[in-house]
Amino acid sequence: MTSLLPARLSPLLVGLAILAPSAVRAQLKYVAFPTKDELRSLQLLAYACSRENTLDTCTRTREIANPLMDHPRLPAACKDTVWELMQEAKPAATNSSQRRDSIDSPARRLTVVCADPEKPSKPSNPSSGGSPANQT
(Lines give C-alpha, C1' and ligand atoms only; values in the text may rest on other atoms or scores of the structure.)
Protein backbone atom coordinates (compact mmCIF):
# COMPACT_ATOMS: atom_id res chain seq x y z
CA MET A 1 0.00 0.00 0.00
CA THR A 2 2.73 2.45 0.84
CA SER A 3 4.37 1.97 -2.56
CA LEU A 4 1.23 3.28 -4.33
CA LEU A 5 1.32 6.61 -2.54
CA PRO A 6 4.49 7.96 -4.26
CA ALA A 7 3.15 6.81 -7.65
CA ARG A 8 -0.04 8.81 -7.14
CA LEU A 9 1.67 11.89 -5.79
CA SER A 10 4.22 12.09 -8.58
CA PRO A 11 1.84 13.28 -11.37
CA LEU A 12 0.18 15.66 -8.95
CA LEU A 13 3.49 17.24 -7.97
CA VAL A 14 4.55 17.55 -11.60
CA GLY A 15 1.26 19.28 -12.43
CA LEU A 16 1.67 21.72 -9.57
CA ALA A 17 5.25 22.44 -10.58
CA ILE A 18 4.08 23.33 -14.08
CA LEU A 19 1.16 25.53 -12.97
CA ALA A 20 2.79 27.36 -10.08
CA PRO A 21 5.19 29.61 -12.06
CA SER A 22 2.44 30.78 -14.43
CA ALA A 23 0.14 31.59 -11.51
CA VAL A 24 2.87 33.60 -9.80
CA ARG A 25 3.72 35.41 -13.04
CA ALA A 26 0.06 36.30 -13.63
CA GLN A 27 -0.22 37.86 -10.17
CA LEU A 28 2.93 39.96 -10.47
CA LYS A 29 2.12 41.74 -13.72
CA TYR A 30 -0.78 44.15 -13.20
CA VAL A 31 -1.30 46.70 -15.96
CA ALA A 32 -3.73 49.51 -15.21
CA PHE A 33 -6.30 50.74 -17.68
CA PRO A 34 -5.43 53.97 -19.51
CA THR A 35 -6.72 56.95 -17.57
CA LYS A 36 -9.53 59.15 -18.84
CA ASP A 37 -6.97 61.92 -19.36
CA GLU A 38 -4.75 59.67 -21.50
CA LEU A 39 -7.69 58.59 -23.64
CA ARG A 40 -8.91 62.17 -23.94
CA SER A 41 -5.47 63.42 -25.03
CA LEU A 42 -5.32 60.70 -27.71
CA GLN A 43 -8.81 61.68 -28.78
CA LEU A 44 -7.85 65.36 -29.09
CA LEU A 45 -4.71 64.46 -31.01
CA ALA A 46 -6.79 62.38 -33.43
CA TYR A 47 -9.13 65.34 -33.91
CA ALA A 48 -6.10 67.51 -34.67
CA CYS A 49 -4.91 64.97 -37.24
CA SER A 50 -8.36 65.03 -38.79
CA ARG A 51 -8.57 68.81 -38.85
CA GLU A 52 -4.99 69.79 -39.74
CA ASN A 53 -4.11 66.87 -42.03
CA THR A 54 -0.39 67.10 -41.16
CA LEU A 55 2.23 64.39 -40.99
CA ASP A 56 3.23 65.43 -37.46
CA THR A 57 -0.20 65.20 -35.79
CA CYS A 58 -1.15 62.00 -37.60
CA THR A 59 2.15 60.29 -36.82
CA ARG A 60 1.90 61.25 -33.15
CA THR A 61 -1.67 59.92 -33.05
CA ARG A 62 -0.57 56.54 -34.40
CA GLU A 63 2.48 56.42 -32.09
CA ILE A 64 0.38 57.05 -28.98
CA ALA A 65 -2.37 54.65 -30.07
CA ASN A 66 -0.03 51.79 -30.99
CA PRO A 67 0.84 50.62 -27.43
CA LEU A 68 -2.87 50.22 -26.69
CA MET A 69 -2.97 47.35 -29.19
CA ASP A 70 -0.73 45.28 -26.88
CA HIS A 71 -2.50 46.26 -23.65
CA PRO A 72 -3.45 43.02 -21.88
CA ARG A 73 -6.61 44.28 -20.18
CA LEU A 74 -8.30 46.30 -22.93
CA PRO A 75 -11.36 44.66 -24.49
CA ALA A 76 -11.51 43.65 -28.13
CA ALA A 77 -13.94 46.47 -28.94
CA CYS A 78 -11.36 48.99 -27.74
CA LYS A 79 -8.59 47.39 -29.75
CA ASP A 80 -10.81 47.36 -32.84
CA THR A 81 -11.42 51.08 -32.37
CA VAL A 82 -7.71 51.79 -31.87
CA TRP A 83 -6.88 49.71 -34.95
CA GLU A 84 -9.40 51.65 -37.02
CA LEU A 85 -7.96 54.93 -35.77
CA MET A 86 -4.41 53.85 -36.60
CA GLN A 87 -5.44 52.84 -40.12
CA GLU A 88 -7.23 56.12 -40.83
CA ALA A 89 -4.96 58.63 -39.06
CA LYS A 90 -2.74 59.35 -42.04
CA PRO A 91 -2.35 62.59 -43.97
CA ALA A 92 -4.08 62.73 -47.34
CA ALA A 93 -3.73 64.87 -50.46
CA THR A 94 -7.17 66.39 -49.84
CA ASN A 95 -8.79 66.76 -46.46
CA SER A 96 -12.29 65.69 -47.41
CA SER A 97 -15.17 65.39 -45.00
CA GLN A 98 -15.12 61.62 -45.53
CA ARG A 99 -11.49 61.49 -44.40
CA ARG A 100 -12.23 63.60 -41.33
CA ASP A 101 -15.25 61.46 -40.44
CA SER A 102 -13.21 58.26 -40.79
CA ILE A 103 -10.80 59.61 -38.13
CA ASP A 104 -13.34 61.38 -35.92
CA SER A 105 -15.64 58.37 -35.64
CA PRO A 106 -13.19 56.02 -33.87
CA ALA A 107 -11.77 58.97 -31.91
CA ARG A 108 -15.23 59.69 -30.49
CA ARG A 109 -15.65 56.05 -29.42
CA LEU A 110 -12.27 55.88 -27.65
CA THR A 111 -13.37 57.32 -24.33
CA VAL A 112 -16.42 55.05 -24.23
CA VAL A 113 -15.11 51.63 -25.30
CA CYS A 114 -11.63 51.92 -23.75
CA ALA A 115 -12.62 53.30 -20.35
CA ASP A 116 -12.06 51.27 -17.20
CA PRO A 117 -15.24 49.24 -16.62
CA GLU A 118 -15.07 49.57 -12.83
CA LYS A 119 -18.43 49.64 -11.19
CA PRO A 120 -19.16 52.65 -9.01
CA SER A 121 -18.79 51.93 -5.33
CA LYS A 122 -21.91 51.84 -3.21
CA PRO A 123 -22.42 54.70 -0.76
CA SER A 124 -21.57 53.90 2.83
CA ASN A 125 -24.92 55.23 4.12
CA PRO A 126 -27.66 53.85 1.88
CA SER A 127 -30.81 55.90 2.00
CA SER A 128 -33.88 54.14 3.28
CA GLY A 129 -36.53 53.28 0.77
CA GLY A 130 -39.34 54.42 3.07
CA SER A 131 -40.94 57.77 3.52
CA PRO A 132 -39.06 60.60 5.27
CA ALA A 133 -39.39 60.91 9.02
CA ASN A 134 -42.50 62.73 10.21
CA GLN A 135 -41.87 66.21 11.45
CA THR A 136 -44.52 67.40 13.93
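We now turn to the structure provided with this report. (Residues numbered from 1 in each chain as written. Predicted model: local features only at pLDDT ≥ 70, side-chain atom pairs only at ≥ 80, totals over all residues. Heavy atoms only, no water.)

**Points about the environment of Q43**
The residue Q43 is located in helix α2 (residues 36-52) in this model. Sequence separation between Q43 and A65 is 22 residues; the distance between their C-alpha atoms is 9.6 Å. Setting aside residues no more than four positions away along its own chain, Q43 makes contact with A107, R108, L110 and T111. Polar side-chain contacts of Q43 include one of 2.5 Å to the side chain of R40. (Helix = DSSP H or I, 4+ residues; strand = E, 2+ residues; numbered from the N terminus. Contact = heavy atoms within 4.5 Å. Polar contact = N/O pair within 3.5 Å; in protein donor to acceptor, adjacent residues only side chain to side chain.)

**Let's talk about the packing of α2 against helix α5 (residues 97-113)**
It is the contact of α2 with α5, at a shortest axis distance of 9 Å, that shows an interaxial angle of 175 degrees. One way to sum up the angle between α2 and α5 is to call them roughly antiparallel. In this structure, α2 uses L39, R40, L42, Q43, A46, Y47, C49 and S50 to contact α5, whose residues at the interface are R99, R100, I103, D104, A107, R108, L110 and T111. Within the contact of α2 with α5, the residues separate by chemical class into eight nonpolar, three polar and five charged. (Axes fitted to C-alpha atoms, helices over the stretch in contact; angles between N-to-C directions. Parallel < 35°, antiparallel > 145°, perpendicular 65-115°, else oblique. Nonpolar A, V, L, I, M, F, W, Y, C, P; charged D, E, K, R; others polar.)

**Some thoughts on the nonpolar core**
If you look at the biggest cluster of nonpolar residues, it comprises 18 residues, and the most contacted ones within it are L42, V82, L85, L110 and C114. Put simply, the parts of the chain that give this core at least two residues each are α2, α3 (55-65), α4 (76-88) and α5. For V82, the residues in contact, after removing those within four places along its chain, are A65, L68, M69, L110 and C114. (Core = buried A, V, L, I, M, F, W, Y, C linked by side-chain atoms within 4.5 Å. Buried < 20%, exposed > 50% of the residue type's maximum accessible area, 1.4 Å probe, protein only.)

**Focus on the side chain of R99**
Mapped onto the elements, R99 comes out in helix α5. Buried charged residue R99 carries no salt bridge. Nearest counter-charge: E88, at 7.5 Å. Within the local environment of R99, its side chain forms a polar contact with the backbone oxygen of S50, the two atoms lying 3.1 Å apart. With residues up to four places along the chain from it excluded, the contact list for R99 reads C49, S50, N53, C58, K90, P91, A92 and T94. (Lys, Arg positive; Asp, Glu negative; His and termini not counted. Salt bridge = Lys/Arg side-chain N within 4 Å of Asp/Glu carboxyl O.)

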